[in-house]
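# Understanding the architecture of this molecule
Here is how the chains run, residue by residue.
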Number of protein chains: 2
Amino acid sequence: MLDVDMRVKQWLQLHRLKGIRLLQRLVQENSISGHEASAQAIVVEKLRELGLQIDIWEPNISNLQQHPYFVSPRTTFVGSPNVVAVKKGLGGGRSIILNGHIDVVPEGDISGWELDPFSAKIIDGKMYGRGTSDMKGGSISLLLALEAIQALDIPLRGDVIFQSVIEEESGGAGSLAAITRGYKADVAIIPEPTNMKIFPKQQGSMWFKLVVKGKSAHGGTRYEGVSAIEKAMTVHHKVLELEKTRNATIHDPLYQSVPIPVPINIGKIYGGNWPSSVADEVTMEGRMGVAPDEKMENVQKELEKHLALLAEIDPWFKDHPVELKWFGARWVPGTIDSEHDAMKVLSKHFTKVKNRAPIIEASPWGTDGGLFTQVGNIPTIVFGPGTTEVAHYPNEYIEIERVFDTAEIIANMIIEWCQ
Amino acid sequence: MLDVDMRVKQWLQLHRLKGIRLLQRLVQENSISGHEASAQAIVVEKLRELGLQIDIWEPNISNLQQHPYFVSPRTTFVGSPNVVAVKKGLGGGRSIILNGHIDVVPEGDISGWELDPFSAKIIDGKMYGRGTSDMKGGSISLLLALEAIQALDIPLRGDVIFQSVIEEESGGAGSLAAITRGYKADVAIIPEPTNMKIFPKQQGSMWFKLVVKGKSAHGGTRYEGVSAIEKAMTVHHKVLELEKTRNATIHDPLYQSVPIPVPINIGKIYGGNWPSSVADEVTMEGRMGVAPDEKMENVQKELEKHLALLAEIDPWFKDHPVELKWFGARWVPGTIDSEHDAMKVLSKHFTKVKNRAPIIEASPWGTDGGLFTQVGNIPTIVFGPGTTEVAHYPNEYIEIERVFDTAEIIANMIIEWCQ
């Protein structure tokens, strides 16, 4: 009889077309926030086929709103179910959570797409469509791994908990709901698009808004006013100064090839009403990166304090301090010890399947892994088949080969981890 | 018999309440662009009472659109009449145009107003309401001057041409229509809110839009993108550099007390879509001041050339040049020789009525006087009772005393000029 690795490989080869078809069906359901039900139905159908114990529920927003880590622009999750399936182990083994999010970001300006964003067409080994990389491809890797183990009847002592959650793209309310519902494990894997790199650390992030004041005047006598646009430039400069000092303190080898490990990005600016008037208010909206080991509250205080220094370089800010608001989405940072046994097991199987050592890095963005780490106390590794470069952009795609490689690596990891 | 100056003064005193009532009625008609007819009807009623020859017409927009100086956001002037009344002289005298605009800017955010913007209420000698200063108060000064001369039956040899025009606030299509209809005179007076200063020179202005390009990227890897917000700051800085060099060349004594005679104001900024993305485009909208003796085309070229220099300081702009568009409103600059006889006559009567010499300055903003000068070849003086500080703002008002002082000064000027 073949050893278990080979049996998994063979099973995946034999079931390749079915796996591709399943991914296509999932991509063809546009599951933007608030419209996840039909895509979840396809996941549930597969889970039923596997004979697993399934938990489907619409998270209760009033309960979640009490939670300090809850973030969401939504007012209800009615019609937006979370799905969890448990494959109970025989007992005495280590457990694992396999977590993927079902929500996708909007397709955006359709004119940028060469194919229908929900065609799931395959060209040269790549499947195109919104959500292929982020992260339905990854979720299919998880389902294939699970199905292979079920089909091959490989005995596991630990539990395997598969989760298809809502709301990752808006700050993780779906995973938070799964954690507060009581789902726990010794480790979690999230196959977000890492380009098959292994991320033991994930950067967190929070959105902020800076309201900069000026004083209106007619443009012909602009010296009688104070331009909020000019003041906004001073503020922008000051914020980048903080980015510099913050990043100078990061010496984590996982960040050694990253120019700015924890960026502060000001992504949006608007202010002023009239070309002929001096702008009396400008708003800038940005994203503050949070290092894997930082507390979000501390980072918030750091920005607050730094903005207060503006009064030293320009007395205007003494009487007109910049208003700082934390708003919208946030992603909690996460970290797992690089020497954690789950890291070793995953790396080992990566090396066996891919015939090379994995690249281990820290993620430049947040995932639900932060909530698993900080709220659920579950060490989390992010590792998936998609690529960030195409996520959230037109013509998003995934290389199909990688979906199966990832499935194989994760199946082998589960088998060893939960044995 | 009293001399003519005293008779004018007395007549104005005797007809004070009627004059105030007329101004109130005019202010109570909200005459924003496109809704000038009811206010014009009040003007026409008064002109009929004076027994003048009246010309009422809706400017033909298709004809005006052929004119190089035509600027307007409108597609038709149907329902928006211009009104001109001519008091024919006995012959052989110098003629004068008295020009006021009937359009007002919108009242804006109502919460800023302490009274209804169209109440025309009088408190402590000030009448409150949109358009009191800019410039229905000035137009009433003109009508009172004209009425005094008619009522006192003072013989004039030159023609007096009274104009109540539309569209000053959007670039002067109403005055342009009056000029192209053939109304000419040896001088024009426009009682815009100069705070009773005399402006022989008026700054022109034009609106521009700068589109600055960046390169999008995820905020967590912002170093992979190029921030259009940061690039916009470089552009803003470069534009202010041009303002500095342009103003360094202005030595006109009329500007000696003005910190920046011909400002370039960037009044509006917007760009970027998402706090977590690097902004790939930022637009800035501004107003370029044009010195009284400058040609607008030359000033446009100056800005174009200066923006081209950006490529020298930052190679990004070589491949991604800033897009410059001239859009929206523009006001042609205007100038009359400070030694022009009309300046002397006006200054003389100002001094007699106010018992002090007038302040003579250059205006920081454009008026229809630019069109009179450059298109109609009619030297124009801007002199009126309102104040710029309140124009276009909530709680706009005018000091009633000044409306009558201005009427008296202008009546005396007309009598001498047209005698």
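Note that this is a predicted model, so its numbers are computed, not measured.

Procedures and definitions
Residue numbers run consecutively from 1 along every chain, following the written order of its sequence. Just so you know, chain letters begin at A and ligand numbers begin at 1, following the order they were written in. Local features in this predicted model are restricted to residues of pLDDT 70 or higher, and side-chain atom pairs are both shown and tallied only at a pLDDT of 80 or more, whereas totals for entire chains, interfaces and linings draw on every residue. Where side-chain values are given, they derive from all heavy atoms of the structure, hydrogens and water being excluded. By definition, any uninterrupted DSSP run of H or I lasting at least four residues is a helix, any uninterrupted run of E lasting at least two residues is a strand, and each is numbered from the N terminus. We compute the radius of gyration from the C-alpha atoms alone; for a globule the expected value is 2.2 Å times N to the 0.38, where N is the number of residues. The cut-offs for exposure are 20% and 50% of the maximum accessible area for each residue type, with area from a 1.4 Å probe on protein chains only; residues under the lower value are buried, those over the upper are exposed, and the others partly exposed. The contact definition used throughout considers only heavy atoms, calling two residues in contact when any of these lie within 4.5 Å. In short, Shrake-Rupley with a 1.4 Å probe defines the accessible areas, and a residue's cover is counted only from the protein chains shown. The convention is simple: Lys and Arg are positive, Asp and Glu are negative, and His and the chain ends are not counted. Here the site of a charge means NZ on Lys, CZ on Arg, CG on Asp, or CD on Glu. Domain delimitation follows an automatic or database domain assignment. Summed over both partners, the accessible area lost on bringing two parts together, with a 1.4 Å probe, is the buried area. Salt-bridge detection follows one rule: a side-chain nitrogen of Lys or Arg within 4 Å of a carboxyl oxygen of Asp or Glu. Between the rings of Phe, Tyr and Trp (Trp by its six-membered ring), a pair exists once the centres lie within 6.5 Å; its type follows the angle of the planes, with under 30 degrees stacked, over 60 edge-to-face, and the other angles tilted. Only when the NZ atom of a Lys or the CZ atom of an Arg is both within 6 Å of the ring centre and within 35 degrees of the ring normal do we say a charge sits over the ring. By the criterion applied in these results, polar contacts are pairs of N or O atoms within 3.5 Å in which, for protein atoms, one can donate a hydrogen and the other can accept it, and in which residues neighboring in sequence qualify only through two side-chain atoms. The rule for pairing is simple: two strands pair if DSSP sees at least two bridges between them. To superpose the copies, least squares is applied to the C-alpha atoms of every residue with a pLDDT of at least 70 in both. Each axis is a line fitted through C-alpha atoms, and for a helix only the stretch in contact is used; angles between axes span 0 to 180 degrees, taken between their N-to-C directions.

## Brief notes about the overall build of chain A
Assigned secondary structure in chain A consists of 13 helices and 16 strands. Since a compact globule built from 419 residues should have a radius of gyration of about 22 Å, the 23 Å found for chain A is in line with a globular shape. Among the 419 residues that make up chain A, the fraction classed as buried is 60%. Considering only contacts within chain A whose residues lie at least 6 apart along the sequence, 82% involve residues at least 24 apart. A total accessible area of about 16200 Å² is found for chain A, and carbon and sulfur atoms account for 50% of it. Here chain A holds 43 positive side-chain charges and 52 negative ones, and the gap between their average locations is 2 Å.

## Some remarks on the domain arrangement of chain A
As a measure of interface size, the accessible area lost when the parts come together is often cited. Residues and elements named next belong to chain A. Taken domain by domain, chain A consists of domain 1 (4-202 + 333-417) and domain 2 (205-331). In this structure, domain 1 and domain 2 have C-alpha centres spaced 35 Å apart. At the interface, 21 residues of domain 1 touch 16 residues of domain 2. Both faces considered, domain 1 and domain 2 share a buried interface measuring about 1400 Å² in area, 55% of it formed by carbon and sulfur atoms. Counting across the domain 1 and domain 2 interface gives 2 salt bridges.

## Digging into the packing of aromatic side chains
Applying the stated criterion across every chain yields a total of 18 aromatic pairs over all chains. Taken together, the ring pairs connect Trp207(A), Phe327(A), Trp331(A) and Trp274(B) into an aromatic cluster. One Lys or Arg, Arg16(A), reaches over the ring of Phe404(A) and ends 4.9 Å from the middle of that ring. Cation over ring: Lys209(A) sits above Phe327(A), and NZ or CZ is 4.6 Å from the ring centre.

## Description of the interface of chain B and chain A
Contacts between chain B and chain A engage 44 residues on the former and 44 residues on the latter. Buried surface at the junction of chain B and chain A, summed over both partners, amounts to about 3700 Å²; 63% is from carbon and sulfur atoms. Where chain B touches chain A, the interface holds 2 salt bridges. Ionic pairing is found between Arg222(B) and Glu243(A), a salt bridge with its closest N-O pair at 2.7 Å. Linking chain B to chain A there are 12 residue pairs in polar contact (both at pLDDT 80 or more). Taken together, the elements giving at least two residues each to the side of chain B that touches chain A come down to helix 7 (228-248), strand 10 (264-271) and strand 11 (281-290) of chain B. Per-element accounting of the side of chain B that touches chain A gives the leading share, 8 residues, to strand 10 of chain B.

## Topic: the pairing of strand 2 (residues 82-87) of chain A
Sheet faces and side chains relate simply in a regular strand, where the side chains alternate between the two faces. Residue and element names in this part refer to chain A. Here strand 2 lies mainly inside the structure; 6 of its 6 residues are buried. Across 5 bridges, strand 1 (residues 53-57) lies against strand 2 in antiparallel orientation. Of the residues in strand 2, the one forming a bridge with Asp55 is Val84. Pairing geometry for strand 2 and strand 6 (residues 160-165), over 5 bridges, is antiparallel. Counterpart to Val84 in the pairing with strand 6 is Gln163.

## Re the relation of the copies chain B and chain A
Placing chain B over chain A gives an RMSD of 0.1 Å and needs a rotation angle of 180°, together with 0.0 Å of translation along the axis. Within this description, the copies of the chain are treated as partners about a two-fold rotation axis. When each C-alpha of chain B is compared by its distance to the rotation axis, Tyr270(B) comes out closest, at 2.0 Å. A shared interface surface links the copies, since 100% of the contact residues of chain B are contact residues in chain A too.

## Remarks on unusual backbone geometry
Residues and elements named next belong to chain A. Cis peptide bonds are those with omega within 30 degrees of zero, and the linkage from Asp134 to Met135 qualifies with -10°. Residue position: Met135 is located in helix 5 (residues 132-151). For Asn195, which is not glycine, the phi torsion reads 60° and is therefore positive. Topologically, Asn195 is positioned in the loop between strand 7 (187-190) and strand 8 (198-202). A relative accessible area of 28% means that Asn195 is categorised as partly exposed.

## Some points on the sheet that holds strand 5 (residues 126-128) of chain B
Residue and element names in this part refer to chain B. Strand order in the open sheet formed by 3 strands is 4-5-16, with antiparallel pairing between adjacent strands. The open sheet terminates on both sides in strands that have one partner only, identified here as strand 4 (122-123) and strand 16 (397-399). Sheet topology places strand 4 next to strand 5; 2 bridges connect them, and they run antiparallel. Bridge pairing in strand 5 links Ile122 to Met127. Here helix 2 (residues 16-28) sits on the sheet and contacts strand 4, strand 5 and strand 16; the angle it forms with strand 5, its principal contact strand, is near 20°. The strands touched by helix 5 (residues 132-151) within the sheet are strand 5 and strand 16, with strand 16 carrying the most contacts at an inclination of about 45°.

## Quick word on the environment of Ser164(A)
Inspection of the secondary structure puts Ser164(A) in strand 6. A polar side-chain atom of Ser164(A) sits 2.6 Å from a polar atom in the side chain of Gln40(A).

## Describing the side chain of Glu361(A)
Residue and element names in this part refer to chain A. By the element assignment, Glu361 lies in strand 14 (residues 360-363). On the basis of relative accessibility, which here comes to 18%, the residue Glu361 falls in the buried class. Within polar-contact distance, the side chain of Glu361 engages the side chain of Lys197 at 3.4 Å. The contact partners of Glu361, leaving out residues within four places of it in the chain, are Lys197, Ile198, Phe199, Pro200, Lys201, Leu254 and Ser257.

## Examining the sheet that holds strand 9 (residues 204-213) of chain B
Sheet architecture is open: 8 strands sit in the order 12(A)-9(A)-11(A)-10(A)-10(B)-11(B)-9(B)-12(B), paired in antiparallel fashion. Where the open sheet ends on each side, the last strands, each with one partner, are strand 12 (323-331) of chain A together with strand 12 (323-331) of chain B. For this sheet, the mean inter-axis angle between neighbouring strands, taken without regard to orientation, is 25°. Those strands touched by helix 7 (residues 228-248) of chain A are strand 9 (204-213), strand 10 (264-271) and strand 11 (281-290) of chain A together with strand 10 of chain B, and its axis lies near 10° from that of strand 11 of chain A. Here helix 7 of chain B sits on the sheet in contact with strand 10 of chain A together with strand 9, strand 10 and strand 11 of chain B, set at roughly 10° to strand 11 of chain B.

## Here we look at the pattern of salt bridges
Residues and elements named next belong to chain A. Throughout the structure, instances matching the rule amount to 56 salt bridges over all chains. In this structure, the salt-bridge partner of Glu36 is Arg74, at a minimum N-O distance of 3.1 Å. Here the residue Glu36 occupies a position in the loop between helix 2 (16-28) and helix 3 (37-49), and Arg74 occupies one in the loop between helix 4 (61-65) and strand 2, the gap between them amounting to 38 residues. Residue classification places Glu36 among the buried positions, given a relative accessible area of 0%. Three or more residues joined by partner-sharing salt bridges are found here, namely Lys18, Lys46, Glu49 and Glu147.

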